[in-house]
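Each chain is listed here by its residues.
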Amino acid sequence: MDIPTLRDQHPEHWARACAIRALAMDAVQAAKSGHPGMPMGMADVATVLFDKHLKFDAAHPDWPDRDRFILSAGHGSMLLYALLYLTGSPDMTVEELKNFRQWGAKTAGHPEYGHARGNETTTGPLGQGLANAVGFAMAEEAMRARFGRKVVDHRTWVIAGDGCLMEGISHEAIGLAGRQKLSNLIVLWDNNNISIDGAIELADITDQRARFAAAGWRVLACDGHDPADIDRAMEAAKASDRPVLIDCKTHIGFGAPGKQDTAAAHGAPLGEEVIAATREAYGWPHGPFEIPADIKAQWEEIGRRGATERTAWQGRLEGLSATRRAEFDRRLSGAPSGRLAGAIRKVKKDASENAPKVATRKSSEMVLDAVNRACPETLGGSADLTGSNNTRAGDVGLFTPEDRKGRYIHYGIREHAMAAAMNGMALHGGIRPYGGTFLVFSDYARGAMRLSALMGVPVTYVMTHDSIGLGEDGPTHQPVEHLAMLRATPNMHVFRPADTVETAEAWELALTSAGTPSVLALSRQGLATLRTRHRTRNLTAQGGYVLAEAEGKRRAVLLASGSEVEIAMAARDALQADGIGTRVVSMPCMELFAAQPDSYRRRVLPAGAVRVAVEAGARQSWDRWLLGERGREARAGFVGMEGFGASAPGPRLYEAFGITAGNVAERVRALL
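These numbers were taken from a predicted model, which means no experiment stands behind them. (Residues numbered from 1 in each chain as written. Predicted model: local features only at pLDDT ≥ 70, side-chain atom pairs only at ≥ 80, totals over all residues. Heavy atoms only, no water.)

> Give me the lowdown on the nonpolar core, citing residues and values where you can.
Ranked by size, the top nonpolar core spans 137 residues in total, and within it Leu188 and Ile246 carry the most contacts. Those residues in contact with leucine 188, other than ones at most four positions away along the chain, are Met42, Val45, Leu49, Trp157, Val158, Ile159, Ala160, Met234, Ile246 and Cys248. Listed in part, the 28 residues of the second largest apolar core include Ile468, Ala548, Ala556 and Val565. (Core = buried A, V, L, I, M, F, W, Y, C linked by side-chain atoms within 4.5 Å. Buried < 20%, exposed > 50% of the residue type's maximum accessible area, 1.4 Å probe, protein only. Contact = heavy atoms within 4.5 Å.)

In structure tokens:
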């Protein structure tokens, strides 16, 4: 539908949609950077969605049973910010719009979770929002199965662009959503046929409708500038028993003379002359950031419509039994189960007394058996490595279209979508997601893992086969640089436990974290229990601690994590036999150790003694503890990996690469 027809046949709709378009043009122009074309192209779709279909109450943007609106095409952030402002969301003012992309503003270049309520997730890396939305929809299904449709009954709406659909993560995500038959998920495809380089055909000829249909989605289409046609498609989508893609055919930079339908409208200000000409084409005589009172009032009325439904929902919530209401509130707050601490304590006590020699991936399974019984909010899974990751435990059924009470998900070989979906689950609330794969495949999940840390959502990544110790699968599967890479990520806790006791403590910390994701790097090979004296206190919470003290004068300190702690302990025995007093420091989480007071770190790593760290990985993340913190390069050494691994049994690889107790002891002697 063209502009004259829109203005003539749908004048009120046109005026409301123009408010979005004008704010987007003005904010990008004021910032001298941004993406005006997408908000201008999708303003009609967004107006119909908010006016007729989206369940929300602008005054209460964190209402638990609201529909979620995910802007996967995050570069078009002014679409979201304009909608929040126009509908009266308390966190979004016109001043924030005027400060678009400026220091301290809530209106970041791409939507950022936590800046303003209504930003449901951080988007910008294309496809992430789409994959997050799959997790939001799965969380809604799981919570509805637990608490009932009276208090959990909402949809997830997504605006995704051509770029979102070209990213590989989209293929993983739509396949997962189709298999799970997520009928509460509706994707609005901004089909404008333009990317930064130009027409989509320069790089892609995929039949997107056929791709979604092949993945089990219902596919609909509409004229993205005809409000009646948009409304028709959305009504049909809400009646579907499968996830829905609506192909919204739009014009990027709609109405901008010389820039509509071109890449010039995508990622740069339109310029004052084009903006003036566009205002004239729109019949919009108002100045920058000026919204006529009657149009703002119409939008605010749209924002208030959900209040009645929210009030009715509140009544239904209060009608729950006291026990169910308390559990609902606890789960949404993210507070841990009251049974968690006792479950962890029992696992630790049993491990200390029985001293099993098991791989820490098996230790994790033992912990999960207790945790999943104690914490009904956990929702686990694996990227097709369940038997290797040991992630299904605790008598949890499968989460399927037939059983939404199941608490284990077969993600398939989709590491990236798994990680992004878990972000969505955590953001939705009420769910503690965890998912497993091999540590080396954090490469595949990396984009979503970084966003976990950026957003501060407590997702738990169970990453097994954490070193050359996995053996025969060889260097393609043996992580070397991955621990250093993950430790370099701000706001991420990387746990590499040495035995079952440390594994239990790491799980406790992961499940009580409020704003930090956790990685559990776990071994394939069996490891001896080193903590044989039970202590209620969580020593892993300190990040690093003295596992074995020097006998006699302390001349050396050995630092290690995970499977190499027992190597350090054996090296200590050899050194002590030679009269060299040696302390062993277990370092299961460098980030938590760095957060300890300086006085504690001084006690653990005092000046004077030789320091040698041992880990079957890259040295990079150890240098702070070897060379800093009162250490000196002349009296510090590292035993670990300097290149990639090889295909052979694990013990042979440790010997070949010199990661042995004998070599550690020899390094200490040389430094002395």
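Once you've had a look at it, read on.
> Report on the sheet that holds strand S15 (residues 554-560), specifying residues and quantitative values.
Spatial strand order, S14-S16-S15-S17-S18: five strands in an open sheet with mixed pairing. Since the sheet does not close on itself, it has two edges, and those belong to strand S14 (545-548) and strand S18 (636-639), each with one partner. Ignoring which end each strand starts from, the neighbouring axes of this sheet average 30 degrees apart. Where S15 meets strand S17 (residues 610-614), five bridges bridge the pair, whose relative direction is parallel. Counted as the bridge partner of leucine 558 is valine 612 from S17. Against the sheet, helix H22 (residues 565-577) engages S14, S15, strand S16 (581-586) and S17, with an angle of about 170 degrees to S16. Set on the sheet, helix H27 (residues 661-671) makes contact with S15, S17 and S18; between it and S17 the angle comes to about 155 degrees. (Pairing = 2+ DSSP bridges. Helix = DSSP H or I, 4+ residues; strand = E, 2+ residues; numbered from the N terminus. Axes fitted to C-alpha atoms, helices over the stretch in contact; angles between N-to-C directions.)

> Requested: an account of the packing of aromatic side chains, with residues and values cited.
Overall, the coordinates contain 14 aromatic pairs when judged by the stated rule. Pairing tryptophan 313 with phenylalanine 328 gives two aromatic rings, centres 6.5 Å apart and planes at 55 degrees, and the pair type is tilted. On the criterion of sequence distance, the pair formed by tryptophan 313 in helix H13 (residues 306-318) and phenylalanine 328 in helix H14 (residues 322-333) is long-range, its members being 15 residues apart. The exposure class assigned to tryptophan 313 is buried, which follows from its relative accessible area of 3%. Centroid distance tyrosine 434 to tryptophan 507: 5.6 Å. Interplanar angle 85 degrees. Geometry classified as edge-to-face. Residue tyrosine 434 is found in strand S10 (residues 432-438), and its partner tryptophan 507 is found in helix H21 (residues 500-512); the two are separated by 73 residues along the sequence. Given the relative accessible area of 0%, tryptophan 507 is considered buried. These aromatic residues form a ring-pair network of at least three members: Trp63, Phe147, Trp313 and Phe328. Taking the ring centre of phenylalanine 147 as reference, the NZ or CZ of arginine 146 above it sits at 4.7 Å. The lysine or arginine in question, lysine 296, covers the ring of tyrosine 85, its NZ or CZ lying 4.6 Å from the ring centre. (Phe/Tyr/Trp six-rings, centres within 6.5 Å; stacked < 30°, edge-to-face > 60°. Lys NZ or Arg CZ within 6 Å of the ring centre and 35° of its normal.)

> Run through the packing of helix H16 (residues 360-374) against H21, naming residues and quoting values.
The geometry of H16 relative to H21 is characterised by a closest axis approach of 9 Å and an angle of 50 degrees between their N-to-C directions. Compared by their axis directions, H16 and H21 come out oblique. As H16 runs across H21, the sense of the crossing is right-handed. The segment H16 lies against H21, with Thr360, Ser363, Ser364, Met366, Val367, Leu368 and Val371 engaging Thr500, Thr503, Ala504, Trp507 and Leu511. Grouping the constituent residues of the contact of H16 with H21 by class yields seven nonpolar, five polar and no charged. (Parallel < 35°, antiparallel > 145°, perpendicular 65-115°, else oblique. Left-handed = near helix turned anticlockwise from the far one by under 90°. Nonpolar A, V, L, I, M, F, W, Y, C, P; charged D, E, K, R; others polar.)

> Go over the environment of glutamate 615 with me, naming the residues and quoting the values.
For glutamate 615, the location among the structural elements is in the loop between S17 and helix H25 (623-627). Overall, the relative accessible area of 1% leaves glutamate 615 in the buried class. Taking C-alpha positions, glutamate 615 is 48 Å from alanine 213, a pair spaced 402 residues apart along the chain. If we ignore the near neighbours within four places in the chain, the residues touching glutamate 615 are Leu483, Arg487, Arg496, Ser561, Glu564, Trp622, Phe638, Val639, Gly640 and Met641. Here serine 561 takes part through its side chain, which lies 2.5 Å from a polar atom of the side chain of glutamate 615. (Polar contact = N/O pair within 3.5 Å; in protein donor to acceptor, adjacent residues only side chain to side chain.)

> Explain the side chain of threonine 437 to me, using residue names and the numbers behind them.
Structurally, threonine 437 can be placed in strand S10. Residue contacts for threonine 437: discarding those within four places in its chain leaves Ala383, Leu385, Asn389, Glu415, Val462, Met463 and Thr464.

> Describe the sheet that holds strand S3 (residues 185-191), with residues and values.
The strand order S1-S2-S3-S7-S6 describes an open sheet built from five strands, whose pairing is parallel. In the strand order of this sheet, the two ends are held by strand S1 (68-71) and strand S6 (218-223), each with one partner. Mean inter-strand twist for the sheet, computed between neighbouring axes without regard to direction, equals 20 degrees. The pairing of S6 with strand S7 (residues 244-249) spans six bridges and is classified as parallel. Paired with leucine 220 across the strands is isoleucine 246, a residue of S7. Helix-sheet contacts for helix H3 (residues 37-53) involve S1, strand S2 (156-161), S3 and S7, and the interaxial angle to S3 is about 150 degrees.

> Describe the state of the cysteines, with residues and values.
Here the structure, examined in full by the defined rule, presents zero disulfides. Here cysteine 248 is not cross-linked by a disulfide; its sulfur's nearest cysteine counterpart is in cysteine 222, at 3.8 Å. Among the residues examined, cysteine 248 registers a relative accessible area of 0% and is labelled buried. (Disulfide = S-S within 2.5 Å.)

Geometry only, nothing functional implied.
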